Amino acid sequence: MTADDRGSDGDGSSAPAADPPVVLKLGGSVITEKDRPETVDDAALAAATDAVAAALDHGSVDRLVVVHGGGSFGHHHASEHGVSTTEGTHDADAVMDVHDAMVRLNRAVLSSLHDRGVPAVPVHPLSLSARPEGTGGDLDLPLSSTATLLGEGFVPVLHGDGVATAGEGVTVVSGDELVVELAAGLEADRVGVCSTVPGVLDAEGSVIPSIDSLESVAEALGASDATDVSGGMAAKVEELLALDAPASVFGPDGLEAFLRGDAPGTRID
Ligand SMILES: Nc1ncnc2c1ncn2[C@@H]1O[C@H](COP(=O)(O)OP(=O)(O)OP(=O)(O)O)[C@@H](O)[C@H]1O
Ligand SMILES: C=C(C)CCOP(=O)(O)O
C-alpha cells in the first residue's frame, strides 16, 4: 500500500493541476451498530471500503477525503458525559473518553482500507480544529495537512471528534460539519454522505429526489433514531445546503453509484 502512484512524482518537477477531490462521509450509523456501544458493523464497513478501493483502482475517483461519523463509539461516550455540539466539558477524562473512542473507530476504518490497498492516513480534528468564538461561531479547521497529504497521493481519513470551544471547553464536532469545511476549503468536486437511510425521506417515507431549501423539507426532518449528540438528518441537510459543491445523501446501496459519478438518493444543491 503506497501513495506513490497517486501523488506528486517526488522529483520536484511541476505536476499538472490536480483534480478537485471528492469528499465522502461514511455515517457512523452505517459502519457501526449504533445501539450497541463500541461495536463495528464489520460487514457494512467491509462493503463500504470495498467500494472505495474499487473506485480508486478503476479511476472513477482520483482524489478522495474520507470522513466518518461517531456511531456507537463517539455518540455513546459524548452522551454519557453530557457533551454535544453545543454543550462542552472542561473534564479532561471526558474529552479523552470521546476522543479515544473515535480514534479506536478510526483505526478500524483505516485498517479496513489498508486491507484493500488504499493508502489511508488519519487526521484527528481534536488536534487541529477549534471554535474560537464559542458554540455559535465558525469552525476553524486548518487544511494544510489534509491538502498536502492529498497532493502526495494519500487518502486522509478524518472523523467526528472533540473540538476546543471558547467558553465551553471541548464540544463535539460532527463529521457533517467537517465535510462542509473540507468541501469548501479544498474546493471539492462533489460530496457524498452515506447514511443508513436511502436518502432524505418525506413524511410518507419516500426519498426526496432533491432539496434546495430547508423550509421545503423542515417538517419531514428529524433527529436520529439512535443516540446522537449532533442533530441527525436535520443538521446534515442544513450543513449541506450551505455548500457550493453538489452533495448527495444516500444509503449503503448508493455508495458505488456515487463513487462512479452518479447522484443517488437525495441531491442537495
Ligand atoms: N426525514 C428524514 N429522512 C431520513 N432520515 C431521517 C429523517 N429524519 C430523521 N432521520 C434520521 O436521521 C438518521 C440519519 O442521521 P444520523 O446522524 O443518525 O446518521 P449518520 O450520519 O449515518 O450517523 P453518525 O451521526 O453516527 O455519523 C436516520 O437513521 C433517521 O433515523
Ligand atoms: C460524537 C462524536 C464525537 C462524533 C459525531 O460525529 P457525527 O457522527 O458525524 O455526528
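Within an unreviewed UniProt entry, the label attached to the protein chain reads Isopentenyl phosphate kinase, and the organism entered is Halorubrum aquaticum. As recorded by UniProt, the Sequence similarities (unreviewed entry) comment attached to the protein chain reads in full: "Belongs to the isopentenyl phosphate kinase family." As recorded by UniProt, the Function (unreviewed entry) comment attached to the protein chain reads in full: "Catalyzes the phosphorylation of isopentenyl phosphate (IP) to isopentenyl diphosphate (IPP). Functions in an alternate mevalonate (MVA) pathway leading to IPP, a key precursor for the biosynthesis of isoprenoid compounds such as archaeal membrane lipids."

A. Here's a closer look at the overall build of the protein chain. Across its full length, the protein chain holds eight helices and eleven strands. A globule of 269 residues ought to have a C-alpha radius of gyration of about 18 Å, and the protein chain, at 18 Å, matches this closely. Across its three principal directions, the C-alpha atoms of the protein chain cover 50 × 45 × 35 Å. The buried share of the protein chain, taken over its 269 residues, is 50%. Pairs at least 24 apart in sequence give 75% of the contacts found in the protein chain among residues at least 6 apart. Element-wise, carbon and sulfur atoms account for 46% of the exposed surface of the protein chain, whose accessible area totals about 11600 Å².

B. Inspection of the packing of aromatic side chains at higher detail. In the structure shown here, the tally under the stated rule is one aromatic pair. When the centroid spacing of 5.2 Å and the interplanar angle of 25 degrees are considered together, the rings of Phe250 and Phe258 count as stacked. Taken individually, Phe250 and Phe258 each receive the classification buried, so the pair is uniform in this respect.

C. How the structure looks around the sheet that holds strand β7 (residues 169-173). Across the sheet, three strands lie side by side as β4-β6-β7; this open sheet has mixed pairing. Each having just a single partner strand, β4 (130-131) and β7 make up the two edges of the open sheet. Alignment of strand β6 (residues 161-165) against β7, held across five bridges, turns out to be antiparallel. Directly across from Val163, in β7, lies its bridge partner Thr171.

D. Representation of the sheet that holds strand β11 (residues 266-268) within the structure. An order of β3-β5-β2-β1-β8-β10-β11-β9 is seen for the eight strands of this open sheet, with the pairing classed as mixed. Every other strand in the sheet has two partners, leaving β3 (120-122) and β9 (210-211) as the edge strands with one partner each.

E. Structural view of the pairing of β7. Taking burial as the measure, the five residues of β7 include five buried ones, the bulk of the element. Taken together, β6 and the strand that follows it, β7, pair antiparallel across an intervening segment of three residues, in which Gly167 is found at a positive phi of about 85 degrees.

F. The arrangement of the packing of helix α6 (residues 175-185) against helix α7 (residues 232-241) in detail. Interaxial distance between α6 and α7 falls to 9 Å at its minimum, and their mutual angle equals 10 degrees. Between α6 and α7, the crossing angle belongs to the class labelled roughly parallel. Judged by residue contacts, Asp176, Glu177, Val179 and Val180 of α6 engage Lys236, Glu239 and Leu240 from α7. Grouping the amino acids of the contact of α6 with α7 by side-chain chemistry returns three nonpolar, no polar and four charged.

G. Broad picture of the layout of surface pockets. Reported here for the second largest pocket is a volume of approximately 410 Å³. Along the wall of the second largest pocket there are 18 residues; nearest its centre are Arg131, Thr135, Gly137, Glu177 and Glu239. Of all the elements in the fold, those that place two or more residues in the lining of the second largest pocket are α6 and α7. In terms of residue count, α6 provides more of the lining of the second largest pocket than any other element does, four residues in total. Across the lining of the second largest pocket, the residue classes break down as four nonpolar, seven polar and seven charged.

H. Quick look at the UniProt feature "site: Transition state stabilizer" (unreviewed entry) in the protein chain. Summarizing the sequence annotation, UniProt attributes the feature "site: Transition state stabilizer" (unreviewed entry) to Lys34 in the numbering used throughout. We classify Lys34 as buried; its relative accessible area is 16%.

I. Highlighting the confidence of the model for the protein chain. In the predicted model, the protein chain carries a mean pLDDT of 91, and the fraction of residues at 70 or more is 91%. Every residue in residues 9-15 scores below 50 in pLDDT, and together they form zero contacts with partners more than four places removed in sequence or on other chains. Complex prediction metrics read pTM 0.94 and ipTM 0.95.

J. Highlighting α7. Of the positions making up α7, those classed as buried are Gly232, Met233, Lys236, Val237 and Leu240. The buried residues of α7 all sit within an arc of 130 degrees when viewed along its axis, so they share a single face. Contacts from the buried residues of α7 go to β1 (22-26), α6, β8 (190-194), β9, β10 (247-250) and β11.

What counts and what doesn't
Residues numbered from 1 in each chain as written. Chains lettered and ligands numbered in written order. Predicted model: local features only at pLDDT ≥ 70, side-chain atom pairs only at ≥ 80, totals over all residues. Heavy atoms only, no water. UniProt positions renumbered as here; feature names shortened; annotations may be inferred. Helix = DSSP H or I, 4+ residues; strand = E, 2+ residues; numbered from the N terminus. Rg over C-alpha atoms; globule rule 2.2 N^0.38 Å. Buried < 20%, exposed > 50% of the residue type's maximum accessible area, 1.4 Å probe, protein only. Contact = heavy atoms within 4.5 Å. Areas by Shrake-Rupley, 256 points an atom, 1.4 Å probe, with all protein chains shown as cover. Phe/Tyr/Trp six-rings, centres within 6.5 Å; stacked < 30°, edge-to-face > 60°. Pairing = 2+ DSSP bridges. Axes fitted to C-alpha atoms, helices over the stretch in contact; angles between N-to-C directions. Parallel < 35°, antiparallel > 145°, perpendicular 65-115°, else oblique. Nonpolar A, V, L, I, M, F, W, Y, C, P; charged D, E, K, R; others polar. 1 Å grid on protein atoms, 1.4 Å probe; cavity = no way out; pocket = protein on both sides within 12 Å on 5 of 7 lines; lining within 4 Å. Points joined across faces, edges and corners; volume = space filled by probe spheres on them. pLDDT = per-residue confidence, 0-100. Arc of directions from axis to C-beta.

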